[in-house]
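Spelled out from the first residue to the last, the chains are:
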Amino acid sequence: MRDFFRRLYRAILLPAFGLALLIFTWAAVTYQVRQERHTAHYEAVLHSQSLARTLAEHSTHLLRQVDHATQLFKLKYEETGGALRLADFTRKNGLLDSLLPTKLDLPLAILDRDGRIIDSMNGYFAPDLRRQPVFRNHAGNPSDVSLVATPVVDSRTKKWQIQISRRLNHPDGSFAGIIMVMIDPAYFVEDHDRLNVDPGGAVMLISRENGMSAARIDDQVIISDSIDFSVPQPSATQPAEEFLLKRRFDAVDRVYSYAEMPRYLLTAVVGDPTASAMARFERRRNIYFGAAAVVSVLVTLFVYLLMRQAHRLRHTARMVIEAQLMLRAAADASLDAVYMFKACRMRGARREILDFTIADLNERGAQLMGYRRADIKDKRLVEVMPDLHSKGFVEKYRHVLESRQPLEEEFEVDFLPNRAVHWLHHQIVPITDGVAVTVRDITSRKETELATRQQQAELTAVNDASPLGLLRADASGHCTYVNRTFELITGLTREEALGDAWMRAVHPQDRVVLKTALQHMAHTRAPYQDTLRCVHPDGMIVWVSFKIAAMVVDGKVYGYVGTVDDITHVRKSVMALRESESRLRTIADTLPAMVAYIDAEQVYRFHNVAYEREFNRTGSTVLGRSIRETLGAQRYAFLEPYVLRALAGETLTFEEDDDSDTTERTYEVVYIPQMDEDGANVIGFHVMRQDITVQKREKQRLLRLSQVDALTGLTNRAGFLQKLHDAMAASRTNANLMAVMYMDIDRFKPVNDTFGHAVGDALLKAFSARLTHTMRASDTIARLGGDEFTIIMERIHRTDDAAAAAAKIVTAMQADFDLGGTVVSISTSIGLTYYRDEDLSPAELLNRADILLYEAKQAGRNTFRAGLPAHPPASNAA
Ligand SMILES: Nc1nc2c(ncn2[C@@H]2O[C@H](COP(=O)(O)OP(=O)(O)OP(=O)(O)O)[C@@H](O)[C@H]2O)c(=O)[nH]1
């Protein structure tokens, strides 16, 4: 609300002021015009009055002359005893000419004592003049006075006349008659030229007696008896001499004035045309109004310009305030501490600066001093931070203020609130009677700079200590820096190497190649590497590995960095190594076995010719490819456990069957891990691969031979024990139930004894065959020796299945055996036992079956005993 009124006040102040000024101007002008109109009118009245007086004087003079003429006539008439006549009196150069101009030709008449006209001239006189009061007055009054008679209207001319008469006496003094002169009042007004009346002006003579008037306006004479006028009473606004027509007799407006002629009851009136009388005033009024109009326009323009200017000023002020607010915000948001210090001066002529007052500061500035802004604003520095005095800062402010030279410097302080050492950067700028100080805490930057310098020093040391020669060049390729090692490798001093001179160190044959390569690199910006020869001043050749790369920032090359590595010794070693490797390769290639080396990433790094022959059958190369890539997923799945064991450091040998070809082949593979120089880590392994297909087949054949019973073709004891061992292991692993039968032919000895050993052998064969037919193919049937047989039944579901098989064997063997015409009848006894996940050796299990066999024998033979023996053997019974 208050803001609204303040805006309203601002908005209407200037227009109101302008309006007031205009009103005042126009009021003043109007008032002045009114005053001037009065004055002009008054002056016009005075002018008219002056003319009226002149008219009155002139008319009075003429009438008086006429009066004198009557008097003169009277004298002469009475001297002549009444003989004087008008002709004599009016003759040229006569008496009348001495008084009145001849041209007037005034009507004259002499009346006798009876009122009869005895002489007249220049006009008509009514015959009955004796009845007029004038006549009677003269007749009755012997005194010599002239009478001015009531104006008489001539009945013929309709003009009115002023009648002046005088008594004529006889010598004895008796009444002899009268002399009468008639004067046309028009005569007075006709002579108005003397008055110098303005054109259109009116000159009038009015009778106060009967209101008759004679007026002249320019060349026109107007006789009237109807002029209605009044003479105003004197007042403040109306001049006393003004004569007001109640009704105008023409269209011209005039300022009238009058002069009385009391002797003759006439009033002389002169009217000046208002237009001419007030012309000067009109001009002045126009000037006033014109000036007022101009002033109004100027005031309006001025107010408009002022309002515009005020608007601009307000706008500017608003912008200034906004700018101030922005500056304040910027100062508050600034990372710098900002202060405005105003000088506190000593009283007196010299006005020395004693201290500074904190005129303004931002929050960061207050924070830096350890206060809140409001607490220290307008305080003196000596109160807020006395250290500024003691440490010479106030002196600096004073110097900047007096010298008007800004000061900028970095320094270290320890008097800030936290008492820690700070690096500050301050800038002191002189302002009006004070200084503006900007302070930035550059501690971290200083620390960074220090760290950078340390790093640079460290880098320089590292460069110099580096085994690599270092070279730095600017964007145009000119060398700007080489390190100590570079000097040693190339044999050039740093000064000799700078610019393009370092190229001198390169062998002439390599120099051409190098220059071309560097030019190419400047375009491609790709790092360049090559092996070069450097030639020392004494002719010594040094082999170096030279690498150089461009330093690119924002896509622009601003320099190059190169390294020079002395590889002379390495090169010699490499050459020696290459020779050694060549020898080894020759040896390896002559070996029939396949030899390869695979690194820790399982990638082939070396192989001999035999290996290449084996694996390059498809035409693809092996080197650089992984085992999985080379052998395929299936073979890799088989090899992976061995590979991992080898990479874990184990030397191992295993057989690998390869059925990828038409014939199945077996290889003996040896993996030998390769340790690193420290012997701590496996960095790969060697592969020795040899085809052992022939040996393997021979071995299998021999093995088979050693495990077969020659008489029956069944598995012999060794084979049985091996199989029992394997079956028990599988049973333990898979938790399968298995059974073992131990059987013996009942009373076999009598057969041998009765029919001979050959029939005994035939019976053993027939028994074996019947046994084979009775059992499943997966069961292992073995002859331990003599008439003892064993059977291993793996993966049986129930014990009853095995018992059923035993019963089936017992039954099967009860049938006669026809042995080439010899019929033999025997039976068999069986001990049957089971096994599943027991801590038992094959011998103990077999012994358990043997005991059960014994029990079956004991039970009368031709039967079987199953389960656990009634009398278990001792643990070491096997
Ligand atoms: N024909 C032949 N006889 C053999 C062979 N090996 C051992 N014998 C004989 O087989 C007989 C085995 O007899 P035993 O098992 O001890 O006695 P048995 O007569 O079968 O009596 P019980 O087993 O108690 O019923 C012995 O007389 C041996 O000489 C062989 O390879 N061929």
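Structure shown above.
The structure presented is a predicted model; accordingly, all values stated were derived computationally and were not measured.

Caption draft 1: Highlighting the site of the ligand. With respect to spatial proximity, 17 residues lie near the ligand, and among them Arg 747, Phe 748, Asn 752, His 757 and Asp 761 are the closest. Interatomic distance of 3.2 Å between a side-chain N/O atom of Asp 744 and an oxygen atom of the ligand. Asn 752 is positioned with one of its side-chain polar atoms (N or O) 2.3 Å from a nitrogen atom of the ligand. A total of 660 Å² of accessible area belongs to the ligand in isolation, and the protein chains cover 66% of it.

Caption draft 2: Looking closely at the packing of aromatic side chains. Counted by the stated rule, this structure contains 20 aromatic pairs. Ring geometry for Phe 4 versus Phe 5: centroids 5.6 Å apart, planes at 65°, classification edge-to-face. Clustering of aromatic rings is evident, with ring pairs tying together Phe 638, Tyr 642, Phe 654, Tyr 671 and Phe 685. Taking NZ or CZ as reference, Lys 396 lies 6.0 Å from the ring centre of Phe 411, over its face.

Caption draft 3: A look at the side chain of Asp 184. Topologically, Asp 184 is positioned in the loop between strand E5 (175-183) and helix H5 (186-190). According to the relative accessible area criterion, Asp 184 is buried, its value standing at 17%. Ignoring any residue separated from it by four or fewer positions in sequence, one finds Asp 184 in contact with Lys 159, Trp 160 and Gln 161.

Caption draft 4: Summary view of the nonpolar core. Within the largest apolar cluster, 43 residues are counted, with the highest numbers of intra-cluster contacts made by Leu 63, Phe 73, Leu 100, Ile 183, Phe 188, Met 261 and Leu 266. If we skip the residues at most four places from it in the chain, Leu 100 touches Leu 62, Gln 65, Val 66, Ala 69 and Leu 106. The next biggest cluster of nonpolar side chains, apart from the first, holds 33 residues, and it includes Phe 748, Leu 763, Phe 767 and Ile 796.

Caption draft 5: Layout of the sheet that holds strand E22 (residues 556-566). Pairing within the open sheet is antiparallel, and its five strands lie in the order E19-E18-E22-E21-E20. Only two strands of the sheet have a single partner each, and these edge strands are strand E19 (479-482) and strand E20 (528-535). Across the sheet, the mean angle from the axis of one strand to that of its neighbour is 25°, orientation sign disregarded. Direction of pairing for strand E18 (residues 469-474) relative to E22: antiparallel, over a ladder of six bridges. Following the sheet pairing, Leu 470 is matched in E22 by Thr 563.

Caption draft 6: Local environment of unusual backbone geometry. A positive phi angle, near 50°, is found at Leu 265, a position not held by glycine. Unusually for a residue other than glycine, Arg 747 sits at a positive phi of about 55°. Counting through the fold element by element, Arg 747 comes out in the loop between strand E28 (737-746) and helix H23 (748-755). A relative accessible area of 53% places Arg 747 in the exposed class.

Caption draft 7: Region of the structure containing the sheet that holds strand E16 (residues 422-431). In space, the five strands of this open sheet follow the order E14-E13-E17-E16-E15, with antiparallel pairing throughout. With partners counted over all chains shown, the strands left at the sheet margins are strand E14 (353-361) and strand E15 (407-413), one partner each. In this sheet, neighbouring strand axes are inclined to one another by 30° on average, regardless of whether the strands run parallel or antiparallel. As defined by bridge partners, strand E13 (residues 337-345) adjoins strand E17 (residues 434-441) across six bridges and the pair is classed as antiparallel. Bridge pairing in E17 places Met 340 opposite Ala 436. Set on the sheet, helix H13 (residues 443-465) makes contact with E15, E16 and E17; between it and E16 the angle comes to about 125°.

Caption draft 8: How the structure looks around the pairing of E28. In terms of burial, E28 is a largely internal element, 10 of the 10 residues being buried. As defined by bridge partners, E28 adjoins strand E30 (residues 788-796) across seven bridges and the pair is classed as antiparallel. Note that in E30 the partner of Asp 744 across the bridge is Glu 788.

Conventions adopted
- Residues numbered from 1 in each chain as written.
- Predicted model: local features only at pLDDT ≥ 70, side-chain atom pairs only at ≥ 80, totals over all residues.
- Heavy atoms only, no water.
- Near = heavy atom within 4 Å.
- Polar contact = N/O pair within 3.5 Å; in protein donor to acceptor, adjacent residues only side chain to side chain.
- Areas by Shrake-Rupley, 256 points an atom, 1.4 Å probe, with all protein chains shown as cover.
- Phe/Tyr/Trp six-rings, centres within 6.5 Å; stacked < 30°, edge-to-face > 60°.
- Lys NZ or Arg CZ within 6 Å of the ring centre and 35° of its normal.
- Helix = DSSP H or I, 4+ residues; strand = E, 2+ residues; numbered from the N terminus.
- Buried < 20%, exposed > 50% of the residue type's maximum accessible area, 1.4 Å probe, protein only.
- Contact = heavy atoms within 4.5 Å.
- Core = buried A, V, L, I, M, F, W, Y, C linked by side-chain atoms within 4.5 Å.
- Pairing = 2+ DSSP bridges.
- Axes fitted to C-alpha atoms, helices over the stretch in contact; angles between N-to-C directions.

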